[in-house]
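One-letter residues, chain by chain:
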Amino acid sequence: MEALAERLSSLDSHVEGAIRVVTFYDTLMRRRVDLDALARASAGLAECVAGIRLDGTGRTLRFAPDGRPAPDPAAPASTSAPITLDDEEIGTVWLERPGPPGALDEVLLDRLAIAAAGVVERYGPAHTTMADPALVKLAIGAGSDEAARARALRLLGFAPGRPVRVVAVRGEVPLDRVAGLACPSRPARTARVGGVGVLLAADVDAARFPEGVRAGVATAESPDVAWRRARTALRFATARDPVVHHDALGALAMLAEVPAEAVRDNADVAAIASLAACPGDLETLDAYCATGSQRRAAQRLHLHHSSVARRLEQIGRALGVDLAAPDGLLRARLALTAWRLLGD
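Described in the following lines is the structure provided in the data block.

**Regarding the overall build of the protein chain**
Step number 1: Counting its regular elements, the protein chain contains 15 helices and 9 strands.
Step number 2: Across its three principal directions, the C-alpha atoms of the protein chain cover 95 × 35 × 30 Å.
Step number 3: Once local pairs closer than 6 in sequence are excluded, the contacts in the protein chain between residues at least 24 apart make up 59%.
Step number 4: Summing over all exposed atoms, the protein chain offers an accessible surface of approximately 17,700 Å²; the carbon and sulfur share of this is 51%.
Step number 5: Between the mean site of the 41 positive side-chain charges and the mean site of the 43 negative ones, the protein chain shows a separation of 7 Å.

**Here's the deal with the pattern of salt bridges**
Step number 1: One pass over the full model with this rule turns up 12 salt bridges.
Step number 2: In this structure, the salt-bridge partner of Asp26 is Arg111, at a minimum N-O distance of 3.6 Å. On the criterion of sequence distance, the pair formed by Asp26 in helix H2 (residues 14–30) and Arg111 in helix H4 (residues 105–123) is long-range, its members being 85 residues apart.
Step number 3: Where salt bridges share partners, they join Arg240, Asp241, Asp286 and Arg340 into one cluster.

**What about the sheet that holds strand E1 (residues 49–54)?**
Step number 1: The antiparallel open sheet is built from 4 strands, whose spatial order is E2-E1-E4-E3. The outermost strands of the open sheet, each flanked by one partner alone, are strand E2 (59–63) and strand E3 (79–85). When strand polarity is set aside, the average angle formed by the axes of neighbouring strands in this sheet is 15°.
Step number 2: Relative to strand E4 (residues 88–96), E1 is paired through 6 bridges, and the arrangement is antiparallel. Residue Ile52 lies in a different strand from E4, and its bridge partner there is Val93.
Step number 3: Most of the contacts of helix H3 (residues 35–46) go to E2, to which it runs at about 35°, and overall it touches E1, E2 and E4.

**Remarks on the environment of Asp286**
Step number 1: Examined against the element boundaries, Asp286 turns out to sit in helix H12 (residues 279–291).
Step number 2: A C-alpha to C-alpha distance of 8.0 Å links Asp286 and Arg333, two positions 47 residues apart in sequence.
Step number 3: Excluding anything up to four places from it in sequence, Asp286 contacts Arg240, Leu336 and Arg340.
Step number 4: At 3.0 Å, the side chain of Asp286 forms a polar contact with the side chain of Arg340.

**Section: helix H15 (residues 326–343)**
Step number 1: In this model H15 runs 26 Å from its N-terminal to its C-terminal C-alpha over 18 residues, within 8% of the 26 Å that 1.5 Å per residue would give.
Step number 2: What H15 keeps buried is the set Gly328, Leu329, Ala332, Ala335, Leu336, Thr337, Ala338 and Leu341.
Step number 3: Tucked into the core, H15 has its buried residues touching helix H8 (223–235), helix H10 (260–264), helix H11 (267–274) and H12.

**A word on unusual backbone geometry**
Step number 1: Residues other than glycine seldom take positive phi values, yet Arg32 does so here, at roughly 55°.
Step number 2: Along the chain, Arg32 falls in the loop between H2 and H3.
Step number 3: One non-glycine residue, Glu47, lies in positive phi territory at about 60°.
Step number 4: Along the chain, Glu47 falls in the loop between H3 and E1.
Step number 5: We classify Glu47 as exposed; its relative accessible area is 55%.

**Remarks on the packing of aromatic side chains**
Where two aromatic rings form a pair, the distance of their centres and the angle of their planes describe that pair.
Step number 1: This structure, assessed with the given rule, holds 1 aromatic pair.
Step number 2: Ring centres of Phe24 and Tyr25 lie 5.3 Å apart, and the angle between their planes is 80°; on these two criteria the pair is classed as edge-to-face. Neither Phe24 nor Tyr25 differs from the other in exposure class; each is buried.

**So, the sheet that holds strand E7 (residues 196–201)**
Across a sheet, paired strands are connected by hydrogen bonds in the backbone, their directions being either parallel or antiparallel.
Step number 1: Overall, mixed pairing links the 5 strands, which are arranged E6-E7-E5-E8-E9 in an open sheet. Every interior strand has two partners, whereas the edge strands, strand E6 (188–193) and strand E9 (243–245), have only one. Recorded for the sheet is a direction-independent mean angle of 20° between the axes of neighbouring strands.
Step number 2: When strand E5 (residues 165–170) meets strand E8 (residues 214–219), the two strands line up antiparallel, connected through 6 bridges. By the bridge assignment, Arg170 is partnered in E8 with Arg214.

**Points about the environment of Arg32**
Step number 1: On the basis of relative accessible area, Arg32 is assigned to the partly exposed category, the value being 48%.
Step number 2: For the pair formed by Arg32 and Ala115, sequence separation is 83 residues and the distance between their alpha carbons is 9.9 Å.

**Thoughts on a nonpolar patch on the surface**
Step number 1: There is a patch of nonpolar side chains on the surface, built from Leu252, Leu330 and Leu334 and spanning about 240 Å² of accessible area.
Step number 2: Turning to its location among the elements, Leu334 is positioned in helix H15.

Rules behind the numbers
- Residues numbered from 1 in each chain as written.
- Predicted model: local features only at pLDDT ≥ 70, side-chain atom pairs only at ≥ 80, totals over all residues.
- Heavy atoms only, no water.
- Helix = DSSP H or I, 4+ residues; strand = E, 2+ residues; numbered from the N terminus.
- Contact = heavy atoms within 4.5 Å.
- Areas by Shrake-Rupley, 256 points an atom, 1.4 Å probe, with all protein chains shown as cover.
- Lys, Arg positive; Asp, Glu negative; His and termini not counted.
- Charge placed at Lys NZ, Arg CZ, Asp CG, Glu CD.
- Salt bridge = Lys/Arg side-chain N within 4 Å of Asp/Glu carboxyl O.
- Pairing = 2+ DSSP bridges.
- Axes fitted to C-alpha atoms, helices over the stretch in contact; angles between N-to-C directions.
- Polar contact = N/O pair within 3.5 Å; in protein donor to acceptor, adjacent residues only side chain to side chain.
- Expected span 1.5 Å × (residues − 1).
- Buried < 20%, exposed > 50% of the residue type's maximum accessible area, 1.4 Å probe, protein only.
- Phe/Tyr/Trp six-rings, centres within 6.5 Å; stacked < 30°, edge-to-face > 60°.
- Patch = residues over 30% accessible without salt bridge, like charges linked within 9 Å, V, L, I, M, F, W, Y side chains within 5 Å.

The following block contains the structure:
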């Protein structure tokens, strides 16, 4: 690298020198250098102080040609260039040359800016403090192009290529508090879309959601797909199961795709709706569907199993199904779930 810089300084041909500059920075990128090494090498190549600043972090690097950090105060930049990533300016690179700009300074700064953008993209997010709900909406929006979505995720603090969990939330607890409790690792970003809270997080702990909150959790290759699945999972959340992961729904998720009119016209769902006037019956049926056992349902309801058995017999007659038979229990489960989806 030093030999290449030395040879470059002896060239008289501007065109050949420009090619050598390009080769110099290609070599640095193949070696996967960080920002410090990039600034230090650039100062040696330019034979003057070189600087890199990232706007989102406020971080500024300045190195002298001997490879040491340049002393303050900084000399005025003789030439500079913006660092651009995904069509957005994220920082600046510059040279502090005492005399007039060198013949290759423009080429050098152009390649330095490109290399700096590559380092930022490779080694992680811009580490900004931005938590703008508009960026969250852009990240999960079905109409967002991929470049805009990637930029929004980076500005929100999410590293490229790593999965992002999307959570749809309903409840009276402030979203910031929900995020602080349920998302132990950072970052965690929030917004509201159509009355539903949105959490974007690197990780989610279902056991830490506060009481009174219902949530649907999903992960997908794209946040917009995850957001759609999270909203579907939220529709399946109940007081008994307040946090639902979309992956855990399996084939049940298809119920959310059935048109509401078709669900209302189903005889089993209509029979479940008729039980709504007696919350105790619905609670008993729910406990039995969840456990598949009269005794376990009785334990959950804190009732004697004989009382639960009598209730289930009456409910079975009302529904027109044998709840003791596997197919009858399956029909009741599906009908109860579909009825709840109608009420969401």
